[in-house]
Each structure stands twice: as C-alpha cells, then as structure tokens.
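Chain by chain, the residues run as shown.
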Amino acid sequence: MVLSKNIQKYKYLPIIFIVSAISIFINGYLFGVSDQLLYIPVIHKILDPSLYQNDMLFEQQSGYYTLFLYITAYLTKIFGMEWTFFILYFIATFILFFSVYKISISLFKSEWTGYIAIALCFLTRPIGGTAAGGTPFLTLRTFALPITLLAIWLFFERRYVWTAIVSAISFLIHPLTAIAPIMAIMGYIVFNFKTIGKISVIKSVSAFALTMLPLLLKVLISEQTNYNDLSLFSAAPKDWLDILKMRNTYTFPSMWKAEDWKFTISYPVLFIFSFIFSGIKPRFEAVWIVGAGLLTLFISYVFGDLYPVPLVVQLQMARGIFMITFISLIYSAYVIYRFSTGHSIISRLVIILSGIGIASLNTNLIIVGIAALIIVVVSERIKYLNFLGFVPFIVYLYLNLKKFRVNDLPILYIFAFIIILEVLRGILRKVDIRAYMPIPVLVFAIIYFNLPIVNNIIKGNISDKTHLPGMVPETSWIRLQEWAVDNTDKSSLFIVPRDQTGFRIYSMRSIAGDWKDGAPGLFSQGYARKWYGRMKSLENYNNLSESDFLRLAKDYGATHIITQGKELSFDRIYNSEGYNVYKLPFN
C-alpha cells in the first residue's frame, strides 16, 4: 500500500525521464559546436596545462570563472569528453522539465497543467536574440538555466534558504544566466523583509555566501587577466562597442531580429492574457518574476544601447527575459487545461491540442489551432461530430509526413504526448499501474509520428543533428585536427582561416585566432581590440601572399599555416581532402 502511494506521488518522474530522452532525438543533440568551441579547449588545458602555449584565447580568464568546467574536466577523466557532455546535457534537460512541472504544481496544484507546460516548453524558440529554449548542445547556459528554474520553484514554495543555495549553484555554473533571477529574488526578499522574517533572511544570505565561497576563493587565487582595462561604470569606449556590435549582436536589444522581438513581446502578452481569460488572480511572486524580467530588458536597452555602461553590457541583462518565457508558458498551460475541463473527452483533447498549437507561436499551428477550435464550437452540440475538430491536425500531420519536413514534426510529439496522458487518465483512472503506462505508449507514438527519423535509426543512420557519444560525424576538418595532434608538438601554433572555427578541439594545438574567439571580447577592451586586429589581418585569407603569411607568422609566433585549396611554396607536411598544412622555415 505504501509502495502504491509512493508510485502515485512520484509518477511524474518516469514520464519526465522519458520525455527528456525523447527530446534529444526531436530537438537534436550536437557536440563540438557553438560555445563548446571555447569551453572544450579550456577543459583540455585544465587537464593538461602544457597545451595551447602562446594562444591568444588564454590571455583572458573569462572561461575560468566558473566551477562547471573544472567539474566537467574531472568527469572527462572518468567518462571521456563526449560521454561527459552527453550525460550532463541529459541531466540539464531532465531538470528543466522537472522544474517546469514543479512550478506548475506550486502555482496551480494541477498535475495536468504541469504536463501541458512541459509540452509547451518542449520546442526550441528564440529567447532574447541569443539562446533558444531547448538548445541542442551543452553549454554553461544550457546547464545553468534549469538550475535557475529550480531556484524559482523553491522561491515560489517560499523555501528561501534552499532558493539561495540553488541560486548560488547556478551562479557558480554561469553567472550571466543566474544574475537576473538572483537580483529578482533578492529584491523580493528586501521588499518583503518583515513578512519573510529576519532570521530567515539571515539564513538565506548566509547560505548564499557559503555556497559562493569556492568561486570567490578561485577568483582571489587565480591569475589576473592581461586585459583588466574597462572602467565598469563609466561610458563604454566606442571602438569596443563597435567590435561587440559586429561580433556579439545578441548583447544589444536594438540589434535583435524581428523574429526575436516577436517572441520577446509575445510572452508577456501570453502572461497577461492567461489570467484575464482564466479569471484567476496571478501569484504576486509570479508577477514579480515577470516584472523583473521586463526590468532587465529595460536596463539592457537603456544602459546597453542608449547610454552603454560596461558593467551592464558585460552582464547581458536582457538574458533575464527567459524568466518571462517559462512563467508565461506555465500560465498558458493552466488556461488551456482550465478551458478544456467540462467538455467531452474528444472536445477536451481538441481544445488542449489547439491551445498548445496557438501558444507555440508558430504561424501554421496558430491557424490549425484556431480552425480546430471553431470546428469544436460549431460541432460540439451535434452528437458524435465533435471529433471533426481533429481534422485540421490530421491534415497538418499528413502534409508534414508527406513532405518529410522533419523540422516541423516536433509539435506532433506534443500532440501525441497530451493525447496519451489524457486517454490513460480516463481509461486507467483506478488502476495503480497507470503511473508507468505512458512510457510504452509514448514510445509507440514516437515511432508512429516520426517514421522518417525512426526509419533512419533502424538503418543505423542517426540524423546529422543527433551526435550521440561516439557518433559525431568525422569531417575532413576533424581528420586534419586528429593528424595535427599526432604529428606536431604541443608548442605548435597554427594560422587557420578565420571562418574555419574549432581547430583546437581535436588538435589540442594553439591557433592565431578565429571568428569564434571574439566572444570573450565582451569582458575586455584590450582582448577585443587584439582579436579584431587579427581578424582584419586574416580577412580575404585565400588572397594573402606568402610574404603576408610570413609576416603574420612572425607577429603571432606561428609554426604552421593551414590553407584550403591554396598552394604555397613552403614545406607541405599534410595534403588531404583539400586541406594543406605548411611548416614554416623559421620555426
């Protein structure tokens, strides 16, 4: 009996576990891309300090002010790099869905609101011109964001000491993701100091400080960057801002694309509409979090665009709008569930699917959802005809499967997910085993709704966007790197085409610089200038003469040059698949 009660109490955990696994195949999983091009070399250097000698990237310390990379380096020694990244990504995905579910329960005491909220958070979507919900690769942000949502759940539960601890852990992982929620929560505690109580506040602050201690000690004993040259509160230098606006456009709201603003504006609107149409009074803490998210966007625009202040630019305050995104989707989930109650099972399913389609902010799905709602309203009074509400979804499914447009298929998993849970709830209401029944049924639905991908998996052809450990596609660029690690000294430094990024990952060798290296320029004017100077020198790479290469090699201390298709008279030591490696005569 006790076991049965525990199963009922924690039945959401296996469902979230399965959904987390499924999301990897739907949204994809990548290794050796994006910010990993900067993180992986740092991990390599933590494990072997003799690597990357004279590499410009390591002249600044931004990658070392997080304990996450040190933990990842330790785990890499046990599991290997690819498995470590994959395991941590899966954990982050699980915590994300877990946090969304628990916030839903905290706000509405409705498990089905939690399931619908998970479905709404399933898809990738732009957030603030940079990150996307459901980012298909592990980064500091990918791992810190779910931890931050966990802290927000604890905040809603008014467990302030644990909120402080978890918030600090998020900061230890990625300060830029954690700073806005921490400021919001601390602001709430100060504003409600008397209500919360002095003892609780002291305990929370102490817990936060103690959890942060390892990072504070790390900063104190670490080597100082060579480019501590920014006055954090004065006006930002124009040349530095120009470099950032060319390289890091996501930092400045004025440079976001129309698509980014569409989502940014839509989420607060969803939040407002959710309690207007549902008639519920929103929790003060939820309004506070959403308001804090809007405030971070305002601060980022005023002191990042209008009057740029280095500290605000560096903190990238606009990242805080992710808080609005998740809270809005959770409130939308409750509205969808509430409007679906009181109807027949068929009408209820159509309403849930329609609501998810509309809240996805996908134009096609909004049209499908509205069409389905209209059909339900018209046909519900006519017995047995309300099933016609499924017609728009069936047409949508048919058109997508017919064209094998894999990018549009994820929403179909969501529909299957909701249908399965709702049907099981009705059929297995009094059967204890229902807690685990969604798992095999959900697997069947995945096979049915994604036949093209499943067919490729059966044949052993995993999609290019799913890089499971040991299955990263080996390109000619990667093969060149693997050759370099076996045939050159650790002290080697390569000049590479500036747009051909990621050479450090598999070669474990220094480079003069590439375009991705510009990201840390956000934290250092001197580094940004040096990086930009090198990028200008490496511009029109294939048009550089041999004398140009020799001059650059002497300036950068380079020992090797890599070209793609371009022939030089230097000693060529590698020639394969269009790539050439030349060893310079004076090194």
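The structure presented is a predicted model; accordingly, all values stated were derived computationally and were not measured.

## Some thoughts on the overall build of the protein
Across its full length, the protein carries 26 helices and 7 strands. Within the span of the protein, comprising 587 residues, buried residues form 56% of the whole. For the protein, long-range pairs separated by at least 24 residues make up 70% of all intrachain contacts whose partners lie at least 6 apart in sequence. Here the protein has roughly 25,700 Å² of accessible surface; of this, 65% comes from carbon and sulfur atoms.

## A closer look at the layout of surface pockets
Computed from the structure, the second largest pocket encloses a volume of approximately 490 Å³. Residue lining of the second largest pocket: 18 residues in total, with V335, I336, F339, G355 and L373 positioned closest to the centre. Considering each element in turn, the lining of the second largest pocket owes the most residues, 5 residues, to helix α17 (residues 345–359). Among the residues forming the lining of the second largest pocket, the class breakdown is 12 nonpolar, 5 polar and 1 charged.

## Comments concerning the pairing of strand β5 (residues 560–564)
A regular strand places its side chains so that they alternate between the two faces of the sheet. Across the 5 residues of β5, 4 count as buried, placing the element largely inside the fold. Pairing analysis gives 2 bridges linking strand β3 (residues 493–495) to β5, with the strands arranged parallel. Opposite I495, over in β5, you have I561 as the bridge partner. Here 5 bridges tie β5 to strand β7 (residues 579–583), and the two strands are oriented antiparallel to one another. Residue pairing across strands places Q564 opposite Y579, the latter belonging to β7.

## Comments concerning helix α9 (residues 175–191)
For α9, with 17 residues, the first-to-last C-alpha span of 23 Å sits near the 24 Å given by 1.5 Å per residue. Within α9, the full set of buried residues consists of L176, T177, A178, I179, A180, P181, I182, A184, I185, Y188 and I189.

## Brief notes about the side chain of N580
Within the element layout of this structure, N580 appears in strand β7. A relative accessible area of 2% means that N580 is categorised as buried. Reaching out from N580, the side chain makes a polar contact with the backbone oxygen of K566 at a distance of 3.2 Å. Once residues within four sequence positions are removed from consideration, N580 is found in contact with I561, I562, T563, G565, K566, E567, R572, Y574 and N575.

## Observations concerning the environment of T325
Checked against the element boundaries, T325 lands in helix α16 (residues 322–340). For the pair T325 and G293, spaced 32 residues apart in sequence, the C-alpha separation works out to 9.1 Å.

## Here's the deal with the packing of aromatic side chains
Taken as a whole and judged by the stated rule, the model has 31 aromatic pairs. With a centroid separation of 6.2 Å and 35° between ring planes, the pair formed by Y12 and F98 is classed as tilted. In this pair, Y12 sits in helix α2 (residues 12–27) while F98 sits in helix α5 (residues 81–108), placing the two residues 86 residues apart along the sequence. Judged by relative accessible area, which is 7%, Y12 ranks as buried. Judged by its relative accessible area of 17%, F98 is buried. Ring centres 4.9 Å apart and planes at 45° place the aromatic pair W483 and Y574 in the tilted group. Here W483, found in helix α23 (residues 476–487), pairs with Y574, found in strand β6 (residues 571–576); they are 91 residues apart in sequence, far enough to count as distant. The pair formed by W483 and Y574 is uniform in burial state, with each residue classed as buried.

## Section: the sheet that holds β3
A sheet is described by the order of its strands in space; here 5 strands give the open sequence β4-β3-β5-β7-β6, paired in mixed fashion. The open sheet has two edge strands with one neighbour each: β4 (510–511) and β6. Relative to the sheet, α23 contacts β3, β5, β6 and β7, its axis offset from that of β7 by approximately 25°. Running at roughly 145° to β3, helix α26 (residues 546–556) makes contact with β3 and β5 of the sheet.

## Observations regarding the pattern of salt bridges
Considering all chains together, one arrives at 15 salt bridges under this definition. Each of D55, R504 and D517 takes part in one network of salt bridges that share partners.

## With respect to the nonpolar core
F156, I327 and I495 are the most contacted members of the largest nonpolar core, which has 135 residues in total. Aside from chain neighbours lying at most four places away, what touches F156 is I103, S106, L107, R283, E285, A286, I289 and I327. If you look at the next biggest cluster of nonpolar residues, it comprises 12 residues, including A484, I562, Y579 and V581.

## Focus: the packing of helix α8 (residues 160–173) against α9
The interhelical angle for the contact between α8 and α9, taken along N-to-C directions, is 155°, at an axis separation of 7 Å. As far as their axial angle goes, α9 and α8 are roughly antiparallel. Our pair here, α8 against α9, has a crossing hand that is left-handed. For the pair α8 and α9, contact is made by Y160, T163, S167, S170, F171 and I173 and by P175, A178, I179, I182, I185 and Y188, respectively.

## Focus on unusual backbone geometry
Negative phi characterises most residues that are not glycine, and trans characterises most peptide bonds. Despite not being glycine, N54 has its phi angle at roughly 60°, a positive value. Notably, M508 is not glycine yet its phi reads approximately 55°, a positive angle. Within the element layout of this structure, M508 appears in the loop between α24 (503–507) and β4.

## A closer look at the pairing of β7
Burial analysis of β7 places 4 of its 5 residues in the buried class, which makes it a mostly covered element. Of the strand pairs in this sheet, β6 and β7 are connected by 5 bridges, and their pairing is antiparallel. The partner of S576 across the bridge, within β7, is Y579.

## Observations regarding the packing of α9 against helix α14 (residues 284–306)
Between α9 and α14, the least distance of the axes is 10 Å, while the angle of their chain directions is 130°. Relative to α14, the element α9 lies oblique. Note that α9 runs across α14; the crossing there is right-handed. For the pair α9 and α14, contact is made by A180, A184, G187, Y188 and F191 and by F284, E285, W288, I289, A292 and T296, respectively. Of the residues assigned to the contact of α9 with α14, the class counts are 8 nonpolar, 2 polar and 1 charged.

The rules behind each value
Residue positions are counted from 1 within each chain, in the order its sequence is given. At least 70 in pLDDT is required for a residue's local features to be given in this predicted model, at least 80 for side-chain atom pairs to be given and counted, and no such filter applies to totals for whole chains, interfaces and linings, which use all residues. Side-chain numbers come from the whole structure's heavy atoms, not from hydrogens or water. Starting at the N terminus, helices and strands are each numbered in turn, a helix being any DSSP run of H or I of at least four residues and a strand any DSSP run of E of at least two. Under the scheme applied here, a residue whose accessible area is under 20% of the maximum for its type counts as buried, over 50% as exposed, and between as partly exposed, the area being computed with a 1.4 Å probe on protein chains only. Any two residues whose heavy atoms approach within 4.5 Å are treated as being in contact. Each accessible area is a Shrake-Rupley result for a 1.4 Å probe, and residues are judged covered by the shown protein chains and nothing else. Whether a set of points on the 1 Å grid over the protein atoms alone is a cavity depends on a 1.4 Å probe fitting there but being unable to get out, while an open set qualifies as a pocket with protein on both sides within 12 Å along at least five of seven lines; lining residues are those with an atom within 4 Å of a point. Grid points are joined across faces, edges and corners, and a volume is the space filled by probe spheres set on the points. In this count, Pro and Cys sit with the nonpolar residues alongside Ala, Val, Leu, Ile, Met, Phe, Trp and Tyr, while Asp, Glu, Lys and Arg are called charged and the others, Gly among them, polar. Here, a strand pair is defined by DSSP locating no fewer than two bridges between the strands. To estimate the expected span of a helix, subtract one from its residue number and multiply by 1.5 Å. Definition of a polar contact: a pair of N or O atoms within 3.5 Å, with one able to donate and the other able to accept a hydrogen when the atoms are protein atoms, and with sequence-neighbouring residues admitted only if both atoms are side-chain atoms. Geometry of aromatic contacts follows a simple scheme: Phe, Tyr and Trp rings, the Trp one being its six-membered ring, pair when their centres are within 6.5 Å, and the pair is stacked under 30 degrees between planes, edge-to-face over 60, tilted otherwise. Each axis is a line fitted through C-alpha atoms, and for a helix only the stretch in contact is used; angles between axes span 0 to 180 degrees, taken between their N-to-C directions. When a carboxyl oxygen of Asp or Glu lies within 4 Å of a side-chain nitrogen of Lys or Arg, that pair is called a salt bridge. Nine residue types can take part in a nonpolar core, namely buried Ala, Val, Leu, Ile, Met, Phe, Trp, Tyr and Cys, and a core is a set of them joined through side-chain atoms within 4.5 Å. An angle counts as roughly parallel when it lies under 35 degrees, as roughly antiparallel when it exceeds 145, as roughly perpendicular when it falls between 65 and 115, and as oblique in every other case. Two helices that cross are described as forming a left-handed crossing if the nearer one is turned anticlockwise from the farther one by less than a right angle, and a right-handed crossing if clockwise.

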